[in-house]
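# Architecture and fold: a report
Each chain, written out:
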There are 2 protein chains.
Amino acid sequence: MNTDHTQHILIIGGVAGGASAAARARRHSETAHITLIERGPDVSFANCGLPYHIGGEIADRDRLALQTPESLKALLNLDVQIRTEAIAVSREKKEVTVRRLDTGAEETLSYDSLILAPGASPIVPPLEGIEHERILSLRNLQDMDKIKAAAETTDSVLVIGAGFIGLEMAEQLRHIDKKVQVVELQEQILPQVDPEIVAPVEGEMTKHGIELILGDGVASFSHENDLVSAQLNSGKTVSAGLVVLSIGVKPESDLAKDAGLELGPRGHIVVNEYQQTSDPSIYAAGDVCETLDPILGTRTAIPLGGPANRQGRTAADHIFMGNNALAYPGSIGTSIVRVFDQVVATTGYNEKRLLAAGVDFDTVTINAHSHAGYYPGALNVTLKLLWRTSDGLILGASAVGADGIDKRMDVIATAITGKLTIDDLCNVELSYSPPFGSAKDPVNIAAFAACNIRDGLVTPALDLSDDKLQLIDVRPAEMSKIRPLDPSFGAKAIPVSQLRNRLDELDQSRPVTAVCALGKMSYFASRILTMNGFEARSVTGGLALNPDLAK
Amino acid sequence: MNTDHTQHILIIGGVAGGASAAARARRHSETAHITLIERGPDVSFANCGLPYHIGGEIADRDRLALQTPESLKALLNLDVQIRTEAIAVSREKKEVTVRRLDTGAEETLSYDSLILAPGASPIVPPLEGIEHERILSLRNLQDMDKIKAAAETTDSVLVIGAGFIGLEMAEQLRHIDKKVQVVELQEQILPQVDPEIVAPVEGEMTKHGIELILGDGVASFSHENDLVSAQLNSGKTVSAGLVVLSIGVKPESDLAKDAGLELGPRGHIVVNEYQQTSDPSIYAAGDVCETLDPILGTRTAIPLGGPANRQGRTAADHIFMGNNALAYPGSIGTSIVRVFDQVVATTGYNEKRLLAAGVDFDTVTINAHSHAGYYPGALNVTLKLLWRTSDGLILGASAVGADGIDKRMDVIATAITGKLTIDDLCNVELSYSPPFGSAKDPVNIAAFAACNIRDGLVTPALDLSDDKLQLIDVRPAEMSKIRPLDPSFGAKAIPVSQLRNRLDELDQSRPVTAVCALGKMSYFASRILTMNGFEARSVTGGLALNPDLAK
Ligand SMILES: Cc1cc2nc3c(=O)[nH]c(=O)nc-3n(C[C@H](O)[C@H](O)[C@H](O)COP(=O)(O)OP(=O)(O)OC[C@H]3O[C@@H](n4cnc5c(N)ncnc54)[C@H](O)[C@@H]3O)c2cc1C
Ligand SMILES: Cc1cc2nc3c(=O)[nH]c(=O)nc-3n(C[C@H](O)[C@H](O)[C@H](O)COP(=O)(O)OP(=O)(O)OC[C@H]3O[C@@H](n4cnc5c(N)ncnc54)[C@H](O)[C@@H]3O)c2cc1C
Ligand SMILES: CC(C)(COP(=O)(O)OP(=O)(O)OC[C@H]1O[C@@H](n2cnc3c(N)ncnc32)[C@H](O)[C@@H]1OP(=O)(O)O)[C@@H](O)C(=O)NCCC(=O)NCCS
Ligand SMILES: CC(C)(COP(=O)(O)OP(=O)(O)OC[C@H]1O[C@@H](n2cnc3c(N)ncnc32)[C@H](O)[C@@H]1OP(=O)(O)O)[C@@H](O)C(=O)NCCC(=O)NCCS
């Protein structure tokens, strides 16, 4: 704990983590000298808003510059030095060497506490032809200006990478009527979310005229005048007047590495719960650092705005409060993106990561109304819950739909913070009046369905390609008529309301798998079947989650 | 635990608690005989939707009847007996006497397990003249039909009671262009929410032409032809063609009382965590029963749809699973109402109830954007947090605004379930992309502000009528010009950005109280003042929460 009144706090990086640390530090001390070093010409800008200015939704560029060096001086008495790059840290001397980018001059600045918040830079793979003025990445206002200007001179854009930023770019570029193609190495968009949950978003993109090229990557680029062509791994070639690269970010940790600070396996700075690096006078915050994964107790790195802001605040607190500061509890990766009328969000772990972590988990996906079905405007929420088999601890969730997705994800993120189980979530009491929820919110329904699996009340149908499959379609007759199942499944249509009287039409020697529209009636049917001596299965999530059954 | 296959489950009350119990019971057993007794002609209807059909928002009346006796027979093989009233319970014989309301005939039905879910009836105080066909309450579809028909024959409606249902009725009646007056005994609408939080809703109602008569009650009614006049305690008389009584509900527990079941202080049936009454063969669920208050560990009664549904489900679980059933953890009273463009919601305790409970608590109210301020459409969220002084445990919250209110309340309701503290809430990681949230969500901001009070970083200004008050208006000059403070406060305008240079204009011997628009700049100002040796205060919530300062 350093309460020396003339202490010097030096901060590298003037945006989310850095500016937040500086602001909080000032609220702890009026006398500390707080210097913010920023390589670019801007500080405190809204990275997350950049795509929306390109698409015109945020019309006024100035709205993205939340603060200027002058306003930070006036408001917080910060010494902001832009166009200044930190190039070396001397831990012994407690000095940082900086270069003034406009003059090339170098200088050393001393510190009592140093906070590293240099963020992460877009990954630019070493591909042939990638260095080109029409192959751009998006990180700051200058990048944005370049992409916006380039987009104005072409009709077609190729977005490489279908992560959150790639999707926002694709949507916004369609918004200004560009022809948009998206290339993604994985077989799905948003690889951090389970594939069935992002499927509706893929459909939404296609519906809006975006061409998705999944399971393919760029091998090399070539150019002819203003046209860039990407040769894909599959041999295919796609061309566009502009390429936006958004295949991920890597921590800007060279400075830390050169200073001998401990780095994690993927190059992130290792910090403790107060954001202190392996040198106690040096803190790190934001995309550059690792953090605790509070769910499984391992380490992770989550390049998101909320964590960056709060980690910066934590570092400032620790400088002034020592171990009385509130420890940063780690990040669970709650994230969200809107793509036209669909919204997809996730928190905590997905299946792929749990499999990789070797955790014994279970999962369910339900469909339920965003608010009371009898009140106008209710839309479907598809919600997937993942929990630890041994004790029901909630490990993660994801959701997709047009309304109320953020709310459900935030509730489950909070549940994860509280280490709640599927049992706890059954009775979590969410606000309900007809425009806002239901007496049984989708979150409760997901927890019920999870407990029903855990308690053996229902067995999810896992393998629909089984030869012995005896599928029954338990939807009301009209629905089965409007959207019939694929005849190859040989399903028999028995509406759940007739099932009790038609059990003799089924072969009791084979398992019976029930399917319906959303997964609720098939659950009801499976209960009837089980209690009548059948080995029953229910197709979780119904046709909504398994649209292939109806093709 | 009774797994006898021919057991008879008898349920009194066929709506939220009763129908949910019946449905869940059927999913536990195909062979049990499940009988649902309902006094009215309808079961499984959407009580919560009734006001919205009167106002025409839910145009189709049929949408409110979620199930019919026939559909419950078909789907769940329930024996539904409508127009049948339970009139006595013989616990020794395990029999219930019922009366067929159409014939007057009486019958006895036996049970192995009995579930009481008769709900609560609207309170009708014994006032002179109250028995009149134009003085109506709203509980079921028949009441709704009567009110709707009566409303069609008059231009003016008097709503007595400004609780959740009273407000929905007032809004919906304005929606169909009635002249609406609301009389409420308390000095505020929604007495279960702290007054400053409902103030914007009161403004919204006035703005929409509703006359609010607060702090006044009805002493008696008189009528002349189709006009009802209410004589108020104040001596005032108000008249209308229709009176809607919505002053609260009382549990329908006479049957339970006559059967000798234990009742709580306000007449609710006492149950354990499995919804079992003092007779282990008899369960109770919904508005008729008490439940645990999990926040302070006392008893409470929460007449809401979600709890009723889940308590019914719990009772059914216990019949089949015994103590392996998931216990009902109690209710915290999360509730919400939309009134025109304003939404107000609450969860857990408010100030009044905490004072009554003698708990040492603290509170803060913040204003923050519903989503990133730089993205179009961000609106103000006013969020109040209450926590236990000793350990920071979150005890309650309320919020008001036009957007994102349900989400914040649901997050805090979940936090309460997880027994989170204000420290935990600082770092809860909510979904953020520009259309949905902020890097620091209003929930985080409220937690920061709470911790800042707890940690002594800021002192809220409590008494603005203090003689020695030295008020400074730290808003930007243009804002102070557009909406000046009331001159009687003698405030000096010093924008926070000038404060460091103008400290000599202040009298250091007296406390300085800073005020701004939302409470953030005044907090910043109070930090500057404190660290410069002033005794400083900040007006929590700014002018948004204290509009009287600007009158
Ligand atoms: C287009 C886009 C959209 C995004 N959308 C979202 C979203 O919707 N939700 C969300 O949660 N997150 C989003 N993010 C991520 C979020 O912006 C980052 O997680 C966050 O900004 C990280 O903060 P940081 O302080 O670690 O780094 P940054 O905000 O990147 O700031 C680091 C700064 O340090 C400077 N710097 C680096 N090295 C040096 C040096 N040696 N000397 C001087 N200065 C240096 C850089 O120039 C940079 O300005 C988005 C990011 C982008 C780019
Ligand atoms: C207009 C209105 C709006 C509401 N809005 C909301 C809202 O937005 N959000 C929310 O959470 N809650 C709301 N509620 C409250 C919610 O509807 C109740 O909490 C819930 O219905 C209680 O369920 P219950 O099963 O205990 O009682 P009820 O749903 O009232 O059902 C009890 C049934 O039992 C029957 N009955 C009673 N005694 C007997 C007997 N002796 N024999 C046979 N039958 C009997 C009654 O006729 C009644 O139909 C609202 C209620 C009303 C009236
Ligand atoms: C602009 C920036 C410097 C502001 O930093 P900041 O002042 O710490 O943050 P905010 O403006 O959100 O204000 C939060 C502070 O005000 C307080 N506050 C906010 N509203 C308040 C209210 N109504 N009443 C009381 N306090 C309030 C909070 O408690 C917090 O103070 P604390 O940290 O001392 O507890 C920084 O957030 C930034 O640079 N952001 C842009 C970059 C970015 O975040 N990018 C990624 C996402 S796009
Ligand atoms: C209509 C009514 C009888 C339905 O009872 P219900 O079948 O228990 O309730 P729901 O229709 O909400 O369905 C919930 C059940 O389906 C399951 N379910 C729902 N969607 C599912 C899905 N997509 N996949 C799997 N299971 C699903 C739930 O797990 C739950 O089953 P469980 O209790 O065995 O775990 C009852 O809710 C009722 O009468 N409601 C109207 C009255 C009322 O609630 N009024 C107050 C509010 S207006």
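Look above for the structure.
Residues numbered from 1 in each chain as written. Chains lettered and ligands numbered in written order. Predicted model: local features only at pLDDT ≥ 70, side-chain atom pairs only at ≥ 80, totals over all residues. Heavy atoms only, no water.

## Concerning the site of ligand 1
Gly 17, Glu 38, Asp 287 and Gly 305 of chain A together with Tyr 432 of chain B are the nearest of the 32 residues found near ligand 1. Taking Gly 305 of chain A, its main chain carries an N or O atom lying 2.8 Å from an oxygen atom of ligand 1. Out of a free accessible area of 990 Å², ligand 1 has 92% covered by protein chains. Per-element accounting of the shell around ligand 1 gives the leading share, 3 residues, to strand 4 (residues 84-90) of chain A. (Near = heavy atom within 4 Å. Polar contact = N/O pair within 3.5 Å; in protein donor to acceptor, adjacent residues only side chain to side chain. Areas by Shrake-Rupley, 256 points an atom, 1.4 Å probe, with all protein chains shown as cover. Helix = DSSP H or I, 4+ residues; strand = E, 2+ residues; numbered from the N terminus.)

## Here we look at the site of ligand 3
Looking at ligand 3, there are 29 residues lining it, with Arg 24, Arg 27 and Arg 313 of chain A together with Lys 520 and Tyr 523 of chain B nearest. Mapping the residues near ligand 3 onto chains gives chains A and B. Here a nitrogen atom of ligand 3 and a backbone polar atom of Gly 519 of chain B are 3.2 Å apart. For ligand 3, an oxygen atom lies 2.6 Å from a polar atom in the side chain of Tyr 523 of chain B. Taken by itself ligand 3 offers 950 Å² of open surface, and the protein chains cover 91% of this. Every element with two or more residues in the shell around ligand 3 is listed here: helix 1 (16-28) and helix 8 (305-321) of chain A together with strand 23 (361-369), helix 12 (442-454) and helix 15 (520-531) of chain B. In terms of residues, the shell around ligand 3 owes the most to one element, helix 1 of chain A, which gives 6 residues.

## Some points on the interface of chain B and chain A
Facing the 87 residues of chain B at the interface are 87 residues of chain A. Of the roughly 7300 Å² buried at the junction of chain B and chain A (both faces included), carbon and sulfur atoms supply 60%. Notably, a salt bridge pairs Arg 500 of chain A with Glu 30 of chain B, separated by 2.8 Å at the nearest N-O pair. Viewed at the interface, chain A and chain B are joined by 30 residue pairs in polar contact (both at pLDDT 80 or more). When residues of the side of chain B that touches chain A are assigned to their parent elements, the largest contribution, 8 residues, is made by helix 10 (residues 405-417) of chain B. Of the residues in the side of chain B that touches chain A, the class split is 44 nonpolar, 24 polar and 19 charged. (Contact = heavy atoms within 4.5 Å. Buried area = accessible area lost by both parts, 1.4 Å probe. Salt bridge = Lys/Arg side-chain N within 4 Å of Asp/Glu carboxyl O. Nonpolar A, V, L, I, M, F, W, Y, C, P; charged D, E, K, R; others polar.)

## Comments concerning the relation of the copies chain B and chain A
Expressed as a screw operation, the relation of chain B to chain A combines 0.0 Å of axial shift with a rotation of 180°, fitting to an RMSD of 0.0 Å. Seen this way, the second copy is the image of the first under a two-fold rotation axis. When the interface residues of chain B are mapped onto chain A, 100% of them again lie at the interface, so the same face is used by both copies. (Least-squares fit on C-alpha atoms with pLDDT ≥ 70 in both.)

## Regarding the side chain of Asp 42 of chain A
Assignment of secondary structure puts Asp 42 of chain A in the loop between strand 2 (33-37) and helix 2 (50-54). For the buried residue Asp 42 of chain A, which engages in no salt bridge, the nearest side chain bearing the opposite charge is Arg 61 of chain A, 4.9 Å off. (Buried < 20%, exposed > 50% of the residue type's maximum accessible area, 1.4 Å probe, protein only. Lys, Arg positive; Asp, Glu negative; His and termini not counted.)

## Section: the sheet that holds strand 6 (residues 106-110) of chain B
Residue and element names in this part refer to chain B. Reading across from one edge, 4-5-6 is the order of the 3 strands in this open sheet, with antiparallel pairing throughout. Only two strands of the sheet have a single neighbouring strand rather than two, namely strand 4 (84-90) and strand 6. Taken pair by pair, the neighbouring strands of this sheet meet at an average axis angle of 30°, ignoring direction. Bridging between strand 5 (residues 95-100) and strand 6 involves 5 bridges; their strand directions are antiparallel. When the sheet's bridge partners are listed, Val 98 is paired in strand 6 with Glu 107. (Pairing = 2+ DSSP bridges. Axes fitted to C-alpha atoms, helices over the stretch in contact; angles between N-to-C directions.)

## Overview of the pattern of salt bridges
All names here are of chain A. Evaluation of the coordinates by the stated rule reveals 62 salt bridges over all chains. A salt bridge links Glu 85 to Arg 39, with the shortest nitrogen-to-oxygen separation between them at 3.3 Å. Taken together, the residues Glu 85 in strand 4 and Arg 39 in the loop between strand 2 and helix 2 connect sequence positions 46 residues apart. Sharing partners across several salt bridges, the network here consists of Arg 39, Glu 85, Arg 139 and Glu 252.

## Observations regarding the packing of helix 10 (residues 405-417) of chain A against helix 10 of chain B
Orientation of helix 10 of chain A relative to helix 10 of chain B, taken along the N-to-C sense of each, is 20°, at an axis distance of 8 Å. Classed by the angle they form, the pair helix 10 of chain A and helix 10 of chain B counts as roughly parallel. With respect to the hand of their crossing, helix 10 of chain A and helix 10 of chain B are arranged in right-handed fashion. Note on element contacts: helix 10 of chain B touches helix 10 of chain A through Asp 406, Lys 407, Asp 410, Val 411, Thr 414 and Ala 415 of chain B, opposite Asp 406, Lys 407, Asp 410, Val 411, Thr 414 and Ala 415 of chain A. (Parallel < 35°, antiparallel > 145°, perpendicular 65-115°, else oblique. Left-handed = near helix turned anticlockwise from the far one by under 90°.)

## Focus: helix 5 (residues 164-175) of chain A
All names here are of chain A. Helix length check: helix 5, at 12 residues, gives a terminal C-alpha distance of 17 Å against a target of 16 Å (1.5 Å per residue), a fit within 8%. A large share of helix 5 lies buried, amounting to 9 of its 12 residues. Turning to helix 5, its buried residues number three or more, namely Phe 164, Gly 166, Leu 167, Glu 168, Met 169, Ala 170, Glu 171, Gln 172 and Leu 173. Asp 177, located one to two residues past helix 5, shows a positive phi value of around 65°. (Expected span 1.5 Å × (residues − 1).)

## So, the pairing of strand 16 (residues 242-245) of chain B
Residue and element names in this part refer to chain B. Burial along strand 16 is two-sided: the residues Leu 242 and Val 244 and Val 243 and Leu 245 are all buried. Inspection of the sheet shows strand 9 (residues 135-137) paired to strand 16 by 3 bridges, in the parallel sense. If you follow Ser 137 over to strand 16, its bridge partner there is Leu 245. Looking at chain direction, strand 10 (residues 156-160) and strand 16 are connected through 4 bridges and run parallel. Bridging across to strand 16, Ile 160 finds its partner in Leu 245.

## Regarding the sheet that holds strand 1 (residues 8-12) of chain A
Residue and element names in this part refer to chain A. Taken in spatial order, the 5 strands make up an open sheet running 3-2-1-7-18, and their pairing is parallel. Both outer strands of the open sheet, strand 3 (79-81) and strand 18 (282-284), are each paired with one neighbouring strand and no more. Strand-to-strand twist in this sheet, taken as the mean axis angle between neighbours without regard to direction, amounts to 15°. Where strand 1 lies against strand 7 (residues 113-116), 4 bridges are found, and the strand directions are parallel. Across the sheet, Ile 12 pairs through a bridge with Leu 116, a residue of strand 7.

## Here we look at the environment of Cys 516 of chain B
All names here are of chain B. Within the secondary structure, Cys 516 sits in the loop between strand 28 (512-515) and helix 15. Overall, the relative accessible area of 2% leaves Cys 516 in the buried class. With 21 residues separating them along the chain, Cys 516 and Pro 495 place their C-alpha atoms 9.0 Å apart.

## Focus on the state of the cysteines
With the rule as written, the count across this model stands at 0 disulfides over all chains. Cys 516 of chain B takes part in no disulfide bond, and the closest cysteine sulfur to it belongs to Cys 426 of chain B, at a distance of 19 Å. (Disulfide = S-S within 2.5 Å.)

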